[in-house]
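Structure assessment
This is what each chain is made of:
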Amino acid sequence: MTGVAADVDDVVLLTRGLSKTFAGTTVLRDASLDVRRGEVHALLGGNGSGKSTLIKLLAGVYDADPGGTIEVQGVRADAGEWSPTLARSAGLHFVHQDPAVFGSLTVAENLAIGRGFARATGGRIDWRRTRRHAAEVLKRFSLDISPDSQVSTLRPAERTMLAIARALQDQDGAHDGVLVLDEPTASLPDWEVDILLGALRKFAAAGQTIVYVSHRLSEILEIADRVTVLRDGAQVVTREVAGMTEGQLVELIAGRSLDRMIPARVGDIGKERVLSVRGLVAGPLRGVDLDLHRGEILGIAGLLGSGRSGLLRALFGDLPATEGDIRLNGAPYEPSSPAAAIRAGFGLVPEDRGAEALFASQSVRENLSAAVVPRYWSAGRLQHRRERADARGLIAGFGVKPASDAALAGTLSGGNQQKIVLARWLRRDPLVLMLDEPTQGVDVQARADIYAHVRRAVEAGTAVLLVTSDFEELALAADRVLVLREGRVCAEVTGADIEPHRLTELSYLSEENVA
Amino acid sequence: MTMTTNREATVGSVTRTTSRRGPELLAQLEKYALAVLFAVLCLFFTVYGQTAETFPTLANIRNVLGSQSVVAVAALASILPLTCGKFDLSVGAMIGLSSIVTGSAAATHQLPLVTAVCLGVLSGAVVGLLNGWLVAYRDVNALIATLGTSTVVAGLISLYTENQVLTTGIPEALTDVGSGLWLGVPRTLWALVLISALVYYLLRHTPYGRYLASVGSSPTSARLVGLDVSRMVLSSFVLSGALCGIAGVLLLARAGTANPLVGPGFTLPALSAAFLGATAIKPGTFNVVGTLLGVLFVAFSVNGLVLAGAADWVEPTFNGVALLVAVAVSPAISQRRAGKA
């Protein structure tokens, strides 16, 4: 767990007064970070806490506001002058969530590609030396893989390890340099996480300094020596991890104590049940139970990778369910395709509007009718006039600008595109409308309009499943919220308890603490 | 104060309308650019000394129109897969196959003409089915898949015919269609008119056509509004194959012989016309009227140049240049219109 006993004064990475302002909004204020040689230092914070900004400042990707300083292993510079080159030469190495390894190349090639291949006479690649170097690096990082393996055949944890080895291969000893791991486990399944953590623990024991960014608190408790917590762009605390509990970490991240967070469970709300899901297993989902009632907005909260979008996809017939029982108005419901789900009365506003919802090269009218084309098929032809009249009605009703049914959908602003996608489904009076991040990239006015329309549909009886990372929005819009965590519903929040802080806390909590 | 605000508002609205009218005018120009170019071209060959005598005659026009129906049907066939975003490079091969199948069924095997024609059309549809299966269900790149099938088809034709042209025994009922006139217009042209109307109807006035365009615009969005994307792609290739089958029959009717080698030559002119067509009438979209205009434009250009004394090299060169210009221009058009540029 703990690396070699580090000299307390031997600070290898030090920042002072680090700030960053975007267009008048300060996202990071006067942040200080001090990382000691040979320790695993966790960096924690919720969405918008300034954590990613801090990492990007360290990497030299963003320019800091003037006034701060960054010092790495004696290389000291004004934070405003810090650059990627400076970061690299000072010994900061970054490995991100999605390790940039080349799947179709071999391990040896991947290790050589950043630093240059060993050359033989005539400039050709000296494969023998390249392989030998690779074998040495793999041995040094205790990676039991062959230099000749193709990277795509490696398991996910090994790929991340390879990226780490590549970043650190030219470092002389384990005591030099700082390895910054940015959410290395976010896309890894549990058993792969264990493998990766095992390897990291070995590095740490050998004296490697690691800055570790992760949402998974159990990992932090397992691997980190000290932790720095950021909240609302400011550093809250830096302290030893030993002896801390998950609850205490959550308290630091969310800024309030644990005792007020256990939600009151409510039973049946006593309304007409439209959809009931029991033990749904599909993709990232590991047994989800939920009930959805007529005229209800049910919010789904959770972190990235918790299975939020997967749940909507499974209900929409776009992600096959392997287990579970779904009932729609009491009757068994097993959607085999989106077409079947739509016939059953579902509608989905997907997360990635541009790629998954919009037909950019088709007109607004065609986009509006995309899910109701057969309605206009009569007397052996498409009734374009009737379609146009309906489209104009919807455009006026939803306040789409420009108010033209012939404009190509791709030319509209994000908010207007989203109104079109929403109108496409609402015109069908869906039984269940599912919204995945419906206000992403949408301006404030359009956002209000969108929720006004959703609310109207709900009052007319539509049941809504709402997924959004914006917990403020969830608090405002949802009648009830389920918190998903690692593919399961871990909590249910109702009424006045639906409140951004609590949702953040619950998203981080593990099941033991809720039960 | 009020005065100033009013004036500012007026000025603002004036600039807005003029700035909006500019692109609108440009869009109109874009729509009819090919048609205008075509008219200018015809006018030029009509007054140009060396072609003035022959170009504007009824006989010449009939001849060009009559001979272009095969290319035109091939172009119409190719715009179906193109509408859902897939190339079909096998149109020529399917035309050749159909003309050989129909010819040998009628002449060598003495089958009734109707049966022979049906077999020809069916042969195209079967190749289309193979294309569609490879592209839609095996996830093969459409260019490679259709290039592959077209090569295989050419090989099989060569095996069956031993590269001999089938010259005797083609039923007169068929060759009459190829050479005859009806109401003063070549009969093959009537066939083209009928097929154009059919494809136009399919693309513009049926849900199927709308779905094809949606799949071409965004396959993922299409899936998430409940369309069976694979089936759309498959069916577009089958229809393309069947239309090429008809084009093959027209080729046989017009030539009076079944030549195993001419088929593949139709692919490039068909694609040139389709892409030229996508720059006109409904710019950014493959459309029937634009495609026909594309065929006419290329045909009369080549005809005029040949009459003016240019040699054999003109036709392939012109076709190639037309295709390159069209494909170079059309992505810019569609991107700008879709708001990406």
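Residues numbered from 1 in each chain as written. Chains lettered and ligands numbered in written order. Predicted model: local features only at pLDDT ≥ 70, side-chain atom pairs only at ≥ 80, totals over all residues. Heavy atoms only, no water.

With that settled, the discussion passes to the overall build of chain A. Of regular secondary structure, chain A possesses 18 helices and 22 strands. For chain A, whose C-alpha radius of gyration is 26 Å, the value lies close to the compact-globule estimate of 24 Å for 515 residues. Projected onto its principal axes, the C-alpha positions of chain A cover 75 × 65 × 50 Å. A total of 515 residues make up chain A; the buried ones form 54% of that total. For chain A, long-range pairs separated by at least 24 residues make up 67% of all intrachain contacts whose partners lie at least 6 apart in sequence. As displayed, chain A has an accessible area near 21,500 Å², and 49% of this comes from carbon and sulfur atoms. Seen as two clouds, the 59 positive and the 67 negative side-chain charges of chain A have centres 6 Å apart. (Helix = DSSP H or I, 4+ residues; strand = E, 2+ residues; numbered from the N terminus. Rg over C-alpha atoms; globule rule 2.2 N^0.38 Å. Buried < 20%, exposed > 50% of the residue type's maximum accessible area, 1.4 Å probe, protein only. Contact = heavy atoms within 4.5 Å. Areas by Shrake-Rupley, 256 points an atom, 1.4 Å probe, with all protein chains shown as cover. Lys, Arg positive; Asp, Glu negative; His and termini not counted. Charge placed at Lys NZ, Arg CZ, Asp CG, Glu CD.)

Along its length, chain B carries 13 helices and two strands. When its C-alpha atoms are laid out on the principal axes, chain B stretches across 95 × 60 × 35 Å. A burial count over chain B gives 46% of its 341 residues as buried. Sequence-distant contacts in chain B: of pairs separated by 6 or more residues, those separated by 24 or more amount to 76%.

Turning to the interface of chain B and chain A, a few remarks are in order. Tallying the contact residues gives 22 residues for chain B and 33 residues for chain A. Of the roughly 2,300 Å² buried at the junction of chain B and chain A (both faces included), carbon and sulfur atoms supply 56%. When the buried surface of chain B facing chain A is broken down by residue, R210(B), L224(B) and V225(B) rank first, second and third, together holding 31% of it. Applying the counting criterion to the chain B and chain A interface returns three salt bridges. Here D318(A) and R223(B) are joined by a salt bridge, their closest N and O atoms 2.7 Å apart. In this assembly, chain B and chain A are joined by 13 residue pairs in polar contact (both at pLDDT 80 or more). Among the secondary structure elements, those contributing two or more residues to the side of chain B that touches chain A are α7 (187–205), α8 (207–217) and α9 (219–224) of chain B. (Buried area = accessible area lost by both parts, 1.4 Å probe. Salt bridge = Lys/Arg side-chain N within 4 Å of Asp/Glu carboxyl O. Polar contact = N/O pair within 3.5 Å; in protein donor to acceptor, adjacent residues only side chain to side chain.)

Now for the sheet that holds strand β14 (residues 323–328) of chain A. All names here are of chain A. The four strands lie next to each other as β12-β11-β14-β15, forming an open sheet whose pairing is antiparallel. Of all the strands in the sheet, the pair left with one neighbour each is β12 (285–293) and β15 (331–332). As defined by bridge partners, strand β11 (residues 273–282) adjoins β14 across five bridges and the pair is classed as antiparallel. Residue pairing for β14: L275 is matched across the bridge by L328. (Pairing = 2+ DSSP bridges.)

On to the sheet that holds strand β13 (residues 297–301) of chain A. Residues and elements named next belong to chain A. An order of β16-β19-β20-β13-β21-β22 is seen for the six strands of this open sheet, with the pairing classed as mixed. Each edge of the open sheet is held by one strand with a lone partner, namely β16 (346–349) and β22 (488–494). If you compare each strand with its neighbour and ignore which way they point, the axes differ by 20 degrees on average. Packed on one face of the sheet, helix α9 (residues 308–315) meets β13, β16, β19 (432–436), β20 (463–467) and β21 (480–485) and runs near 150 degrees to β19. (Axes fitted to C-alpha atoms, helices over the stretch in contact; angles between N-to-C directions.)

Residue and element names in this part refer to chain B. In this model, helix α12 (residues 288–307) (20 residues) spans 28 Å end to end at C-alpha, consistent with the 28 Å of a helix rising 1.5 Å per residue. Among the 20 residues that make up α12, 14 are buried, leaving the element largely enclosed by the rest of the structure. Two or three places before G290, at the start of α12, stands the capping residue N287, its side-chain oxygen 2.7 Å from that residue's backbone nitrogen. G309 lies just past α12 and shows a positive phi near 105 degrees. (Expected span 1.5 Å × (residues − 1).)

So, about the environment of V306(B). Residue and element names in this part refer to chain B. Position of V306 relative to the elements: it lies in helix α12. Residue classification places V306 among the partly exposed positions, given a relative accessible area of 42%. Sequence spacing of V306 and V64 is 242 residues, and the spatial spacing of their C-alpha atoms is 12 Å.

Next up on the list: the pairing of β19(A). Residue and element names in this part refer to chain A. With respect to burial, β19 is a largely interior element, five of its five residues being buried. Neither face of β19 is exposed, since V432, M434 and D436 on one face and L433 and L435 on the opposite face are all buried. In terms of strand pairing, β16 meets β19 through four bridges, oriented parallel. Paired with G347 across the strands is L433, a residue of β19. As defined by bridge partners, β19 adjoins β20 across five bridges and the pair is classed as parallel. Pairing of M434 across the sheet is with L465, part of β20.

Let us now look at unusual backbone geometry. In this structure, P402(A) follows K401(A) across a cis peptide bond, with omega equal to -5 degrees. Despite not being glycine, E162(B) shows a phi value in the positive range, around 50 degrees. For I281(B), which is not glycine, the phi dihedral falls at a positive 60 degrees.

We now examine a nonpolar patch on the surface. Nonpolar side chains collect at one region of the surface, where L111(B), L119(B), L122(B) and V126(B) lie side by side and expose about 320 Å² of accessible area between them. Its location among the elements puts L122(B) in helix α4 (residues 113–137). (Patch = residues over 30% accessible without salt bridge, like charges linked within 9 Å, V, L, I, M, F, W, Y side chains within 5 Å.)

Right, let's get into the confidence of the model for chain B. All names here are of chain B. Predicted confidence across chain B gives a mean pLDDT of 86, with 90% of residues reaching 70 or more. Considering only residues more than four positions removed or in separate chains, one finds that residues 1–21, a stretch of pLDDT under 50, has zero contacts. Two numbers describe this predicted complex: its pTM, 0.74, and its ipTM, 0.84. (pLDDT = per-residue confidence, 0-100.)

Of all nine residues in helix α1 (residues 51–59) of chain A, seven are buried, a share of seventy percent or more. G60(A) sits one or two positions beyond α1(A) and adopts a positive phi of about 80 degrees.

Another aspect to go through is the packing of helix α11 (residues 267–277) of chain B against α12(B). Helices that pack against each other are described as a pair by the angle of their axes relative to one another and the distance between those axes. Residue and element names in this part refer to chain B. Across the interface, α11 lies against α12 with an axial gap of 7 Å and an inter-helix angle of 125 degrees. The orientation of α11 with respect to α12, classified from their angle, is oblique. Between α11 and α12 the crossing geometry is right-handed. Residues A273, A274, L276 and G277 of α11 form the contact with α12, whose own contacting residues are G290, T291, G294, V295, F297 and V298. Residue classes in the contact of α11 with α12 are distributed as six nonpolar, four polar and no charged. (Parallel < 35°, antiparallel > 145°, perpendicular 65-115°, else oblique. Left-handed = near helix turned anticlockwise from the far one by under 90°. Nonpolar A, V, L, I, M, F, W, Y, C, P; charged D, E, K, R; others polar.)

Scanning all chains against the criterion turns up 28 salt bridges over all chains. A salt bridge links R76(A) to E71(A), with the shortest nitrogen-to-oxygen separation between them at 3.3 Å. The exposure class of E71(A) is partly exposed, given its relative accessible area of 22%. Taken together, the shared-partner salt bridges connect R365(A), E366(A), E387(A), R388(A), R392(A), D405(A) and R210(B) into one network.

Residues and elements named next belong to chain A. Of note, E437 is situated in the loop between β19 and α15 (444–459). The exposure class of E437 is buried, given its relative accessible area of 6%. E437 has contacts with R308, E351, Q418, V467, T468 and S469, leaving out every residue within four places of it along the chain.

Now for the packing of aromatic side chains. Summed over the entire model, instances satisfying the criterion amount to 13 aromatic pairs over all chains. An angle of 90 degrees between the planes, with centres 6.1 Å apart, marks the rings of F316(A) and W425(A) as edge-to-face. A residue pair is termed long-range when its members are at least 10 positions apart, and F316(A) in the loop between α9 and β14 and W425(A) in helix α14 (residues 414–426) qualify at 109 residues. The same class applies to F316(A) as to W425(A), namely buried. Residues W182(B) and W190(B) carry aromatic rings whose centres are separated by 5.1 Å and whose planes lie at 70 degrees to one another, so their mutual orientation is edge-to-face. By relative accessible area, W182(B) is classed as partly exposed at 47%. Judged by its relative accessible area of 31%, W190(B) is partly exposed. Three or more aromatic residues link up through ring pairs in this structure, and these residues are F38(B), F44(B), F45(B), Y48(B), F55(B) and F300(B). (Phe/Tyr/Trp six-rings, centres within 6.5 Å; stacked < 30°, edge-to-face > 60°.)

The subject of this paragraph is the confidence of the model for chain A. Residue and element names in this part refer to chain A. For chain A, the average pLDDT comes to 84, and 91% of its residues sit at 70 or higher. For chain A, the element scoring lowest by mean pLDDT is helix α18 (residues 511–514), at 48; β16 scores highest, at 96. Ignoring residues within four places in sequence, the model shows residues 1–7, a span with pLDDT below 50, making 16 contacts including any to other chains. Contacts for the low-pLDDT stretch residues 258–270, under 50 throughout, to residues beyond four places or in other chains number 30 contacts.

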